[in-house]
Amino acid sequence: GRGGMGTIELALERASGPSGPRVVALKRMLPAVRDREHESMFLREARLATLLNHPNVVHAFAFGEHDGELIIAMEYVEGETLAQLATVRRLPLDVVALVLAEVCDGLEAAHELRDVGGKPLGVVHRDVSPHNVMLSYGGEVKLLDFGVAKLESAHLTKTGDVKGKVAYMSPEQAMSEPLDRRSDLYGVGAI
């Protein structure tokens, strides 16, 4: 598939485990969009995805540069996003409640993430929307795409530079005001 910053491709992991080679998703940054800002966003997503190890967050196994391309090797989830499902049919309320409870579990893991010294990283996803909630065909719920995530210690957004999908963003995010985890919870409520 092709997204805003890059492509997602399937690959077989070279080193195989007891059950054989694992299918992984390779996220590659498009050379046409590689500038300092997009590179920073891509690498931030890669670092967060390797640090976050939770059943409701897509995990990254490794990241780096190969032949001049930035690449993230991520868990492959076969399924559909809430946005894709919503175009087919309206989901029952109890199913939506269960899915969003698991999204909240994944967000809590991100919000509570700490560095190696135990200091809170202050992660805010900033793009909690149906496009970034994946339901696997096996019944798993996975939060995707920390590409526009904010770290408390990083000054990432210029004044007036808003990241995320407008229909799901909190008023403070829309007005480029300081954000914390409550902004992500607004996105959950909007879904």
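So, here is what we can say about the structure in this document. Owing to the predicted nature of the structure, the values given are computational and were not obtained by experimental measurement.

Conventions used here
- Residues numbered from 1 in each chain as written.
- Predicted model: local features only at pLDDT ≥ 70, side-chain atom pairs only at ≥ 80, totals over all residues.
- Heavy atoms only, no water.
- Helix = DSSP H or I, 4+ residues; strand = E, 2+ residues; numbered from the N terminus.
- Buried < 20%, exposed > 50% of the residue type's maximum accessible area, 1.4 Å probe, protein only.
- Contact = heavy atoms within 4.5 Å.
- Areas by Shrake-Rupley, 256 points an atom, 1.4 Å probe, with all protein chains shown as cover.
- Salt bridge = Lys/Arg side-chain N within 4 Å of Asp/Glu carboxyl O.
- Expected span 1.5 Å × (residues − 1).

1. What about the overall build of the chain?
Per the secondary structure count, the chain includes five helices and seven strands. Burial status across the chain gives 40% buried among its 191 residues. For the chain, contacts bridging at least 24 residues in sequence account for 58% of all contacts bridging at least 6. Entry remark: accessible area of the chain is about 10800 Å², with carbon and sulfur atoms responsible for 55%.

2. A look at the pattern of salt bridges
With the rule as written, the count across this model stands at five salt bridges. In this structure, Asp145 and Lys27 form a salt bridge, with 3.8 Å as the shortest nitrogen-oxygen distance. On the criterion of sequence distance, the pair formed by Asp145 in the loop between strand S7 (141-143) and helix H4 (171-174) and Lys27 in strand S2 (residues 23-29) is long-range, its members being 118 residues apart. By relative accessible area, Asp145 is classed as partly exposed at 30%. Judged by relative accessible area, which is 13%, Lys27 ranks as buried. Between Arg182 and Asp180 there is a salt bridge, and its shortest N-O distance comes to 2.6 Å. A relative accessible area of 30% means that Asp180 is categorised as partly exposed.

3. A few points about helix H3 (residues 93-111)
In this model H3 runs 26 Å from its N-terminal to its C-terminal C-alpha over 19 residues, within 8% of the 27 Å that 1.5 Å per residue would give. Buried residues belonging to H3 abut helix H2 (82-88), strand S6 (133-136), S7 and helix H5 (181-190).

Take it as geometry only, folks, not as evidence of what the structure does.
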